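# Structure at a glance
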Amino acid sequence: MFKFVLLCTLAVASRADIGEEDGVLVLKKSNFEEALKAHPNILVEFYAPWCGHCKALVPEYAKAASMLKADGSEIRLAKVDATEEADLAQEYGVRGYPTIKFFKGGDKESPKEYSVFSVGSNKSRRNVATFFVSLPVARLNCCSLPAAGRQADDIVNWLKKRTGPAATTLGEVAQAESMIAENEVAVIGFFKDAESEGATAFLKAAEAVDDVPFGITSNEAVFSKFEVSKDGVVLFKKFDEGRNTFDGELSKTDLLAFIKANQLPLVIEFTEQTAPKIFGGEIKSHILMFVPKAADDFNDKMAEFKKASEGFKGKILFIFIDSEVDDNQRILEFFGLKKEECPAIRLITLEEEMTKYRPESEAITADNIIAFCTLFTEGKLKPHLMSQDIPEDWDKNPVRVLVGKNFEEVVFDPKKNVFVEFYAPWCGHCKQLDPIWTKLGEKYQDSADIVVAKMDSTANEIETVKVHSFPTLKFFPAGDEHKVVDYNGERTLEGFTKFLESGGKDGGAPAGEEGEEDEGIDVSTHLGLVCFKAQSFYLPF
């Protein structure tokens with residue numbers, strides 16, 4: 001009896017070591033395994049106390065914990081200070097903050113990364129990343145983007161999908177009404193036979209979508225209430241048409257396409273909260289209207305924009321950006337705009353290569369926007385390439401200054417070997433390289449056939465050269481062939497000199513070949529994470 005009491009006391013003492021803050025367990029390496037044993041299904045946030053987005057997540061994370069407790073769920077939320085528990089963070093591959101992992105069934109070997117969406121191909125991810133570099137989050141120099149997926153409802157929905165049925169069974173009208181009323185978007189499958197092929201396909205689609213709740217019903221009263229007469233799927237939403245009825249073949253692929261095409265408004269505002277859904281969707285062609293929301297004619301402009309959007313649903317995503325918001329100024333810069341020039345329209349594709357387009361007419365009318373989008377879908381638009389004006393002293397300094405307007409004339413001079421740094425003014429590694437690049441320019445300032453140059457790639461774009469990271473170094477050898485060689489050697493004066501003296505052979509590789517990652521901004525993807533090493537901040541894709 002004494003031994004039994006002693007064991008119970010020790011067990012209680014052991015569990016007492018697991019602290020709790022606002023319903024969230026506080027874990028350390030010393031109590032981590034005990035927590036997994038006590039709570040088989042547990043979501044763990046690895047955070048850094050100084051991380052702004054970790055701080056922003058705190059109330060939503062606590063709210064999610066409270067919601068789960070109110071539902072009587074056994075799922076628990078926990079957190080680990082990764083700066084204090086470095087070994088634990090390293091064990092679970094934590095590379096950015098916050099990183100959130102779900103341990104199911106007490107399995108500590110293969111936790112599932114918490115994420116709510118992904119972005120297409122590697123090049124598509126890279127293009128999205130390049131765009132995100134222009135956003136204000138790039139200046140935060142820390143962590144993840146606090147957006148869709150980081151709200152309490154999103155967290156709870158994601159966990160329920162991982163631990164329970166993909167779709168909630170709706171046995172009565174009140175349940176269906178409650179699901180629709182409580183969510184911005186909800187998808188309900190109406191199937192008289194819950195075991196039918198259509199119902200099975202619906203459930204498979206439900207398993208693949210984390211940010212939208214799904215319900216399924218066979219109840220005649222629910223069918224009648226929502227005026228559904230046969231098996232089918234309806235997406236309910238609190239905007240635009242209010243509901244969309246699926247009318248295709250009941251397959252997982254077609255259902256997912258239907259949901260992705262209808263879960264966003266015809267016109268959506270770009271914010272930190274909506275950015276992941278915008279970039280995570282299947283539609284990679286986006287038309288942007290930059291407009292001050294406080295303007296007297298804002299509603300008129302929105303009406304024209306929305307009217308134009310109706311004919312391009314599923315083809316082009318219509319997005320508006322408040323041009324007066326300070327945090328949006330970097331986005332305007334990315335498109336070569338100033339807020340004094342707004343309202344304005346631009347179109348961008350995030351496919352294999354990121355391309356921008358500008359309408360001939362700046363008048364924002366439905367007819368003009370429709371005509372612009374029609375030319376785009378028909379492949380009749382020419383890309384809009386930004387360029388600064390040519391500086392008067394562009395060739396007066398050791399390092400020549402290139403812009404879009406003089407780029408090809410200089411680099412494709414058949415008598416010159418031109419070595420170019422493509423940089424971003426805010427890039428830390430570009431700044432570190434600058435004194436070395438200046439010395440290189442001085443070394444070859446009087447050379448008859450070698451030119452050292454640089455170009456601000458955030459303000460100048462070249463059709464023949466695509467820049468995906470900063471700094472990017474490319475060599476354009478003399479001749480009429482317009483060859484381009486990527487520099488992959490050491491970023492030292494000695495390395496650059498050896499490269500130039502060898503005619504671009506020692507440290508070079510044909511442009512376009514995949515080589516090792518450079519020391520600059522590394523746009524890479526790991527476990528749904530786009531990580532920019534140079535700036536040490538992370539975007540959740």
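Just so you know, these numbers come straight off a predicted model, no measurement behind them.

So, about the sheet that holds strand β3 (residues 42–47). Strand-to-strand pairing in sheets goes through backbone hydrogen bonds, with the strands running parallel or antiparallel. Read from one edge of the open sheet, 6 strands run β1-β2-β4-β3-β5-β6, paired in mixed fashion. The sheet is open, and its two edges are formed by β1 (19–21) and β6 (112–113), each paired on a single side. Where strand β5 (residues 99–103) meets β6, 2 bridges bridge the pair, whose relative direction is antiparallel. The partner of K101 across the bridge, within β6, is E113. Helix α3 (residues 52–70) contacts β2 (24–27), β3, β4 (76–81) and β5 of the sheet and is inclined by roughly 170° relative to β3.

Attention now moves to the packing of aromatic side chains. The tally for this structure, following the rule as stated, stands at 32 aromatic pairs. Between the aromatic rings of W426 and F470, the centroid separation amounts to 5.8 Å while the plane-to-plane angle is 85°, which identifies the pairing as edge-to-face. With W426 in the loop between β18 (417–423) and α16 (428–443) and F470 in the loop between β19 (450–456) and β20 (472–476), this residue pair connects regions lying 44 residues apart in the sequence. Residue classification places W426 among the partly exposed residues on the basis of a relative accessible area of 24%. Through a chain of ring-to-ring contacts, the aromatic side chains of F419, W437, F475, Y487, F496 and F499 assemble into a single cluster. Across the ring face of F334, the terminal group of K356 is positioned such that the distance to the ring centre comes to 3.9 Å. Residue placement shows K356 over the ring face of F335; its charged tip is 5.5 Å from the ring centre.

Between its first and last C-alpha, α3 extends 28 Å over 19 residues, near the 27 Å set by a 1.5 Å rise per residue. Along its length, α3 shows its largest kink, about 35°, at V58, and proline P59 lies within four residues downstream of that point. Turning to α3, its buried residues are H53, C54, L57, Y61, A62, A64, A65 and L68. Residues of α3 that are buried in the fold lie against β2, β3, β4, β5 and α6 (152–163). Among the residues trailing α3, G72 stands out with phi positive, at a value near 80°.

All right, on to the side chain of R346 then. Among the secondary structure elements, R346 is positioned in strand β15 (residues 344–350). Exposure remark for R346: the relative accessible area of 4% places this residue in the buried category. If near-sequence neighbours (up to four positions away) are discounted, R346 is found in contact with H286, I287, L288, F290, F335, L337, Y357, R358, P359 and E362.

Our next topic: empty space enclosed by the protein. For the structure shown, the criterion picks out 5 cavities of 30 Å³ or more. Quantified by volume, the second largest cavity comes out at close to 60 Å³. Every residue lining the second largest cavity is listed: I345, P359, S361, E362, A363, I364, N368, I369 and F372. Counting residues per element, the lining of the second largest cavity draws most heavily on helix α14 (residues 366–377), at 3 residues. When grouped by side-chain class, the residues that make up the lining of the second largest cavity number 6 nonpolar, 2 polar and 1 charged.

A few words now on the environment of L332. With respect to the element layout, L332 can be found in helix α13 (residues 329–334). Taking relative accessible area as the criterion, L332 reaches 0% and is therefore assigned buried. Note: C-alpha distance between L332 and A344 (12 residues apart in sequence) is 10.0 Å.

Moving on to the pattern of salt bridges. Tallied over the entire structure, the rule returns 21 salt bridges. Between K306 and D240 there is a salt bridge, with the nearest N and O atoms lying 3.4 Å from each other. Taken together, the positions of K306 in helix α12 (residues 298–309) and D240 in the loop between β10 (232–237) and β11 (243–245) put the pair 66 residues apart, joining distant regions of the chain. K306 gets classed as partly exposed once you look at its relative accessible area, which sits at 36%. Given a relative accessible area of 29%, D240 falls into the partly exposed group. Put simply, E362 and R346 hold a salt bridge, and the shortest N to O gap is 3.8 Å. Linking E362 in the loop between β16 (354–357) and α14 with R346 in strand β15, this pair joins segments that are 16 residues apart in sequence.

Of all 7 residues in β19, 6 are buried, a share of seventy percent or more. In this structure, strand β17 (residues 400–402) lies alongside β19, joined through 3 bridges in parallel fashion. What sits directly across from L402, in β19, is M455. With 7 bridges connecting them, β18 and β19 associate as parallel partners. When the sheet's bridge partners are listed, V418 is paired in β19 with V451. Each parallel crossover has a hand, and for β18 linked through α16 to β19 it is right-handed.

Cut-offs used in this document
Residues numbered from 1 in each chain as written. Predicted model: local features only at pLDDT ≥ 70, side-chain atom pairs only at ≥ 80, totals over all residues. Heavy atoms only, no water. Pairing = 2+ DSSP bridges. Helix = DSSP H or I, 4+ residues; strand = E, 2+ residues; numbered from the N terminus. Contact = heavy atoms within 4.5 Å. Axes fitted to C-alpha atoms, helices over the stretch in contact; angles between N-to-C directions. Phe/Tyr/Trp six-rings, centres within 6.5 Å; stacked < 30°, edge-to-face > 60°. Buried < 20%, exposed > 50% of the residue type's maximum accessible area, 1.4 Å probe, protein only. Lys NZ or Arg CZ within 6 Å of the ring centre and 35° of its normal. Expected span 1.5 Å × (residues − 1). Bend = angle between axes of the 7 residues up to and from the residue. 1 Å grid on protein atoms, 1.4 Å probe; cavity = no way out; pocket = protein on both sides within 12 Å on 5 of 7 lines; lining within 4 Å. Points joined across faces, edges and corners; volume = space filled by probe spheres on them. Nonpolar A, V, L, I, M, F, W, Y, C, P; charged D, E, K, R; others polar. Salt bridge = Lys/Arg side-chain N within 4 Å of Asp/Glu carboxyl O. Right-handed = clockwise from strand over helix to strand, strands pointing away.

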